[in-house]
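The chain contents come next:
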Amino acid sequence: MIEKYVLFSPVGFNDAVGNKLNIDLVKNKLNYDLKNNNLPAYNDKIKSMLEYLNVNSEINTEGTILSIVRKYKPKKVLLLFTPEMIIKENKDSVNIFDILEKEITKRSSECIVEKKLIKYHNTFDADIMSNEGETFYDMINDLKRDYEDYKILVNITSSTAQIKTRIALECVETNFNIIPIYLSDPLRSKISTSAIQYFAPSSEEYKEPVRSNILDRLDKIDTIWDEYEDYTIYRENNIINDDIYYKKYSVAKLSILVQNRIKSQIAALIERSYEYKTCYELFKDNDFIKENFQDVLILLRYADFRVKLKYSDDELKKENINLDADCLKYFQDKLNSFDNAEKILIEYFYLMKLKQKKGDLSDFILMLTPFLENIKYCKDKKLISSLNKIENKLRNTAAHQMVNVSEEDILKKCNISSKDIINKCSALLKLIFMKKFDEKYFVYDEINKRILEKL
């Protein structure tokens, strides 16, 4: 069965004609390959190309939209123009749409070409919307309705960086079965095995051709396409076969966009707020996370139980936490290096520190009392005394205020910050446990770090 397509594409200034090529560089490379018999099966075509270049002083690559059209032969192309494109068009008395329509129908003879003017907000997070108020979803839905048996291609290569990114994000968000198409640009590639190396002399480093304004080059299209179609140096070149010419048409999975979006959402929930349960509930049914990042879900659930002071192997096993998971081994091994009494005190301290970092200062202060009561032995009586005085001054404030104790309350009562208090508690544990206790280590920050590294 022959696959049928429609194309949805924004329009950029380089979408009718791509880059201007340096003829001398192209000729040098063609002569080099001919002389060294690098592509014997293509020698005749190379000679024909050289004959053509000897009488032509300028040649341009094909623009992105036209290249997609030539490959996929869509039945319909919907072009999105920004206001800037229309202003430029009017200023130079050139109708870019008419030119593109003519070139598109040369490459796909039965294609219907339409245009829409979109509002351009020049921002990554603004929705793509037409002047008629149609969203990306609306426009794609119309295409799907009118071309039910067709596959929808979405060009994510053209136009400004903001629009390309926004459209790629829209592709991620939509439920439609659409195909985002990305075209790699040989002229920008620096990879030695890429197509551009075919056009550049082997003896010198390739430099990207100078781009000129599209409106200065529109009259060059007909000459190249009509008169020398078989041997043109377009992005998809007839001289170079599939084994040599790297794949320029990529069906973009856009997984990196999904991944980055999820990473940002998770970071917002755990980096400062440590909202492990909320984060786990939000992503536990996310197919992308379940398929690609199971360790993230394991770590989120594990962290949630540790916050609840459920950290022993037995307790975690009862909660169906897989302690054999590699992502948990480091944390459990570190925890199990302490005996049970030590674990109780250290885990309690971590929870205190968590409360302090989150700004839950009333809970943090109330936790000081049992923490200090469980300190059995410490040589530094001055430090113990200092913490006891702080605890005495703040306990009543925390117990009887109907609002959370603020940082200002602590400073006013004790002339010390909550961070300084937690640092004193940390110093106390260091005196008790010596090398076994690392003052710089905070289990929840380490869990956060591992989660974000996994993504």
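Peer 1: I'm lost on the overall build of the protein in this one. Help?
Peer 2: Each helix and strand counted, the protein has 21 helices and nine strands in total. The proportion of buried residues among the 455 residues of the protein is 49%. The long-range fraction of contacts in the protein, counting pairs at least 24 apart against all pairs at least 6 apart in sequence, stands at 74%. With the model as given, the accessible surface of the protein reaches about 23,600 Å², and the carbon-plus-sulfur share is 47%.

Peer 1: Could you clarify how one ought to interpret the nonpolar core in this entry?
Peer 2: Membership of the largest hydrophobic core comes to 69 residues, with the highest contact counts inside it found for Ile 266 and Phe 371. Counting residues per element, this core draws most heavily on helix H16 (residues 340-358), at eight residues. Apart from the residues within four sequence positions on either side, Phe 371 is in contact with Leu 345, Tyr 348, Phe 349, Met 352, Cys 425, Leu 428 and Leu 429. Counting residues in hydrophobic clusters, the runner-up holds 22 residues, among them Leu 7, Leu 66, Val 69 and Leu 100.

Peer 1: Looking at this structure, how should I read the packing of helix H15 (residues 326-335) against helix H21 (residues 443-454)?
Peer 2: Angle between the axes and distance between the axes: these two values describe a pair of packed helices. With their axes 12 Å apart at the nearest point, H15 and H21 run at an angle of 165° to one another. It follows from the interaxial angle that H15 and H21 lie roughly antiparallel. The two elements H15 and H21 meet at a crossing, and its hand is right-handed. For the pair H15 and H21, contact is made by Cys 327, Tyr 330 and Phe 331 and by Val 443, Glu 446, Ile 447, Arg 450 and Lys 454, respectively. Taken together, the residues of the contact of H15 with H21 break down into five nonpolar, no polar and three charged.

Peer 1: Hey, could you run me through the packing of aromatic side chains in this one?
Peer 2: Think of a pair of aromatic rings as described by two things: how far the centres are apart, and how the planes are tilted against each other in angle. On inspection of all chains with the given rule, the structure shows 17 aromatic pairs. Summarising the aromatic geometry, the rings of Phe 81 and Phe 97 are spaced 6.3 Å apart at their centres and angled 70° between planes, so their arrangement reads as edge-to-face. Here Phe 81, found in strand S4 (residues 76-81), pairs with Phe 97, found in helix H5 (residues 96-107); they are 16 residues apart in sequence, far enough to count as distant. Taken as a pair, Phe 81 and Phe 97 share a single burial class, namely buried. Each member of the aromatic cluster is reached from another via a ring pair, and the members are Tyr 274, Tyr 276, Tyr 302, Tyr 330, Phe 331, Phe 349, Tyr 350, Phe 371, Phe 437, Tyr 441, Phe 442 and Tyr 444. Above the ring of Tyr 441, the side-chain terminus of Lys 334 is found at 4.5 Å from the ring centroid. For the cation-ring pair, Arg 450 lies above Tyr 330, with the distance from its terminal atom to the ring centre recorded as 4.3 Å.

Peer 1: Any chance you could explain empty space enclosed by the protein here in plain terms?
Peer 2: Left-over empty space is what a probe sized like a water molecule reveals as it rolls over the atoms. As enumerated under the stated definition, the model contains five cavities of 30 Å³ or more in all. Counted as a void, the largest cavity has a volume near 100 Å³. If you trace the largest cavity, you find 13 residues lining it, with Lys 334, Phe 338, Ile 346, Tyr 350 and Tyr 441 closest to the centre. A class-by-class count of the residues in the lining of the largest cavity yields eight nonpolar, no polar and five charged.

Peer 1: Can you walk me through the confidence of the model for the protein in this structure?
Peer 2: Caution applies to low-pLDDT parts of the model: their predicted coordinates are not meant to be read in detail. The pLDDT averaged across the protein works out to 79; a share of 76% of its residues lies at or above 70. Of all helices and strands in the protein, the one with the weakest mean pLDDT is helix H8 (residues 196-199) (34), whereas helix H13 (residues 294-307) scores best (96).

Peer 1: Sorry, what's going on with the packing of helix H17 (residues 361-373) against helix H20 (residues 418-433) here?
Peer 2: Between H17 and H20, whose axes approach to 12 Å, the crossing angle comes to 25°. The orientation of H17 with respect to H20, classified from their angle, is roughly parallel. Seen from above, H17 lies across H20 with left-handed handedness. Contact residues: Leu 361, Phe 364, Leu 368, Phe 371 and Leu 372 in H17; Ser 418, Ile 421, Ile 422, Cys 425, Leu 428 and Leu 429 in H20. Within the contact of H17 with H20, the residues separate by chemical class into 10 nonpolar, one polar and no charged.

Peer 1: Looking at this structure, I do not really get helix H11 (residues 276-283). What am I missing?
Peer 2: Since one α-helical turn is 3.6 residues long, residues separated by three or four positions face the same way. Taken residue by residue, H11 has Tyr 276, Cys 279 and Phe 283 as its buried positions. Down the axis of H11, the smallest arc covering the buried residues is 65°, so these residues share one side.

Peer 1: What exactly am I supposed to notice about the pairing of strand S8 (residues 178-183) here?
Peer 2: Here S8 lies mainly inside the structure; five of its six residues are buried. Relative to S8, strand S7 (residues 151-155) is paired through four bridges, and the arrangement is parallel. Its bridge partner lying in S8, Ile 152 is registered against Ile 178.

Peer 1: For this particular structure, what's the right way to read the pattern of salt bridges?
Peer 2: Inspection of every chain in the model, using the stated rule, returns 20 salt bridges. Measuring nitrogen to oxygen at the nearest pair gives 2.8 Å for the salt bridge that ties Glu 103 to Arg 107. Taken as a pair, Glu 103 and Arg 107 lie in helix H5 at a separation of four residues, close to a single helical turn. Arg 107 carries the same exposure label as Glu 103, and that label is buried. Measuring nitrogen to oxygen at the nearest pair gives 2.3 Å for the salt bridge that ties Arg 306 to Glu 347. Placement of Arg 306 in helix H13 and of Glu 347 in helix H16 is noted, with a sequence separation of 41 residues between them. A relative accessible area of 2% places Arg 306 in the buried class.

Peer 1: Honestly, H5 in this entry has me stumped. Any pointers?
Peer 2: Taking 1.5 Å per residue as the helical rise, H5 with its 12 residues ought to reach 16 Å, and the 17 Å between its terminal C-alpha atoms agrees with that figure. Buried within H5 are the following residues: Ile 96, Phe 97, Ile 99, Leu 100, Glu 103, Ile 104 and Arg 107. Angular distribution of buried residues about the axis of H5 spans 160°; they occupy a single face of the element.

Peer 1: Would you mind going over the environment of Ala 325 with me for this structure?
Peer 2: As for its position among the elements, Ala 325 is in the loop between helix H14 (313-318) and H15. Along the sequence, Ala 325 and Leu 299 sit 26 residues apart, while their C-alpha atoms lie 9.6 Å from each other.

Analysis parameters
- Residues numbered from 1 in each chain as written.
- Predicted model: local features only at pLDDT ≥ 70, side-chain atom pairs only at ≥ 80, totals over all residues.
- Heavy atoms only, no water.
- Helix = DSSP H or I, 4+ residues; strand = E, 2+ residues; numbered from the N terminus.
- Buried < 20%, exposed > 50% of the residue type's maximum accessible area, 1.4 Å probe, protein only.
- Contact = heavy atoms within 4.5 Å.
- Areas by Shrake-Rupley, 256 points an atom, 1.4 Å probe, with all protein chains shown as cover.
- Core = buried A, V, L, I, M, F, W, Y, C linked by side-chain atoms within 4.5 Å.
- Axes fitted to C-alpha atoms, helices over the stretch in contact; angles between N-to-C directions.
- Parallel < 35°, antiparallel > 145°, perpendicular 65-115°, else oblique.
- Left-handed = near helix turned anticlockwise from the far one by under 90°.
- Nonpolar A, V, L, I, M, F, W, Y, C, P; charged D, E, K, R; others polar.
- Phe/Tyr/Trp six-rings, centres within 6.5 Å; stacked < 30°, edge-to-face > 60°.
- Lys NZ or Arg CZ within 6 Å of the ring centre and 35° of its normal.
- 1 Å grid on protein atoms, 1.4 Å probe; cavity = no way out; pocket = protein on both sides within 12 Å on 5 of 7 lines; lining within 4 Å.
- Points joined across faces, edges and corners; volume = space filled by probe spheres on them.
- pLDDT = per-residue confidence, 0-100.
- Arc of directions from axis to C-beta.
- Pairing = 2+ DSSP bridges.
- Salt bridge = Lys/Arg side-chain N within 4 Å of Asp/Glu carboxyl O.
- Expected span 1.5 Å × (residues − 1).

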